[in-house]
Amino acid sequence: MPLVSAAEFVKAARENGYAVGGFNTNNLEWTQAILRAAEAKQAPILIQTSMGAAKYMGGYKVARNLIANLIESMNITVPVAIHLDHGHYEDSLECIEVGYTSIMFDGSHLPVEENLEKAREVVALAHAKGISVEAEVGTIGGEEDGIVGKGELAPIEDAIAMVETGIDFLAAGIGNIHGPYPENWEGLDLEHLKKLTEAIPGTPIVLHGGSGIPDEQIQEAIRLGVAKVNVNTEGQIAFTEATLKFAADYSANKAEYDKKKLFDPRKFLADGVKAVQGMVEERIDVFGSANKA
């Protein structure tokens, strides 16, 4: 089974000038769509659950087992990591216990020293089980499971200190935000990213809030050291838009669609799920990770 830690394939991405996608899932159908896309593109990926999504799916153990079982039943051959996205300390420990293969401990809302101390503890516990660890300094703009950030740039000295805890890859604010980007967004601060990569040479950097950033900025960030790009909102929008279109078609052709039993949720949601797969495949191409499995 190609269920692995993300450490090696994220490191390989950093060393070879591309990025892997961290794609958030919300349920069985989304997980299938992400896996189909990764297999079609022969790309290593991280399937991520936020704290809220895992709760929605029935808890971390259910989410972990669902993803792992689908990897096996779908005969997936590419490397896949099951990753906790923006996890609090207690959630990180639980995911280590239930068998996630990659953890993001997000202590960016804590005082710096407490963030570093807890990161050291998570690294020790995770690495003992062969689990990769991501951590964050500074804050990412927008909101993620109740953690709200203004998007300030990650302090260089904090980034150095966090890397010294032994983490495998670092999330650091460079002007990116979660959720849709406002019209007045000024873009990524690529000069700050350069300073980060010079300060922590070789350490893979994670770009959060990857949905909505212009492709050319993402690709320049990858050239400067980003090796993992997180995508969530883009999938949600693709799914919703495709489902809304199908719903409108259904409303306009109700009698015909009823005869075809398109009210079956497996059929009603099919276009939305296909849209998620298409989005993942397209992002993999942009990140340059196709055929890197």
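The model shown is predicted, which means the values in this text are computed figures rather than measured ones.

**Digging into the UniProt feature "binding site: Zn(2+) 1" (unreviewed entry) in the protein**
Argument step 1. Following the UniProt record, one finds the feature "binding site: Zn(2+) 1" (unreviewed entry) at H86, H178 and H208.
Argument step 2. Along the chain, H86 turns up in strand β3 (residues 80–87).
Argument step 3. Judged by relative accessible area, which is 1%, H86 ranks as buried.
Argument step 4. Inspection of the secondary structure assignment puts H208 in the loop between β9 (205–207) and α9 (215–223).
Argument step 5. Only 2.9 Å separates the side chain of H208 from the side chain of H86, close enough to count as a polar contact.

**Digging into the packing of helix α2 (residues 28–41) against helix α13 (residues 270–287)**
Argument step 1. In the contact formed by α2 and α13, the axes pass within 8 Å of each other and the chain directions differ by 40°. Classified by the interaxial angle, the pair formed by α2 and α13 is oblique. Of the two elements, α2 crosses α13, and the hand of that crossing is right-handed. Seen from α2, the contacting residues are E29, W30, A33, I34, R36, A37, A38, A40 and K41; seen from α13, they are V273, V276, Q277, V280, E281, I284 and D285.

**A word on the UniProt feature "binding site: Zn(2+) 2" (unreviewed entry) in the protein**
Argument step 1. Under the local residue numbering, the UniProt record ascribes the feature "binding site: Zn(2+) 2" (unreviewed entry) to D106 and E136. Separation in sequence by 31 residues is not matched in space for these annotated residues, since their most distant C-alpha atoms are only 5.7 Å apart.
Argument step 2. Among the structural elements, D106 can be located in the loop between β4 (102–105) and α6 (112–127).
Argument step 3. Side chain to side chain, D106 and H86 meet in a polar contact 2.6 Å long.
Argument step 4. Along the chain, E136 falls in strand β5 (residues 132–137).
Argument step 5. Owing to a relative accessible area of 1%, E136 belongs among the buried residues under this scheme.
Argument step 6. Beyond its immediate chain neighbours, meaning those up to four positions away, E136 contacts H86, M104, F105, D106, S108, N115, M162 and A171.

**Thoughts on the packing of aromatic side chains**
Argument step 1. Evaluation of the coordinates by the stated rule reveals 8 aromatic pairs.
Argument step 2. Among the aromatic residues, ring-to-ring pairing joins F246, Y250, Y257 and F268 into one connected group.
Argument step 3. When the ring centre of Y89 is taken as reference, the NZ or CZ atom of K118 above it lies at 5.2 Å.
Argument step 4. The ring of Y18 has K292 sitting right over it, with the charged end atom 5.0 Å from the ring centre.

**What to know about unusual backbone geometry**
Apart from glycine, the bulk of residues carry a negative phi angle, and the bulk of peptide bonds sit in the trans form.
Argument step 1. We note that N75 has phi near 55°; this positive angle belongs to a residue other than glycine.
Argument step 2. Here N75 lies in the loop between α4 (60–73) and β3.
Argument step 3. Given a relative accessible area of 59%, N75 falls into the exposed group.
Argument step 4. Positive phi outside glycine occurs at N291, with the angle close to 60°.
Argument step 5. In this structure, N291 sits in the segment after α13.
Argument step 6. Residue N291 is classed as exposed on the basis of its relative accessible area of 63%.

Rules used throughout
- Residues numbered from 1 in each chain as written.
- Predicted model: local features only at pLDDT ≥ 70, side-chain atom pairs only at ≥ 80, totals over all residues.
- Heavy atoms only, no water.
- UniProt positions renumbered as here; feature names shortened; annotations may be inferred.
- Helix = DSSP H or I, 4+ residues; strand = E, 2+ residues; numbered from the N terminus.
- Buried < 20%, exposed > 50% of the residue type's maximum accessible area, 1.4 Å probe, protein only.
- Polar contact = N/O pair within 3.5 Å; in protein donor to acceptor, adjacent residues only side chain to side chain.
- Axes fitted to C-alpha atoms, helices over the stretch in contact; angles between N-to-C directions.
- Parallel < 35°, antiparallel > 145°, perpendicular 65-115°, else oblique.
- Left-handed = near helix turned anticlockwise from the far one by under 90°.
- Contact = heavy atoms within 4.5 Å.
- Phe/Tyr/Trp six-rings, centres within 6.5 Å; stacked < 30°, edge-to-face > 60°.
- Lys NZ or Arg CZ within 6 Å of the ring centre and 35° of its normal.

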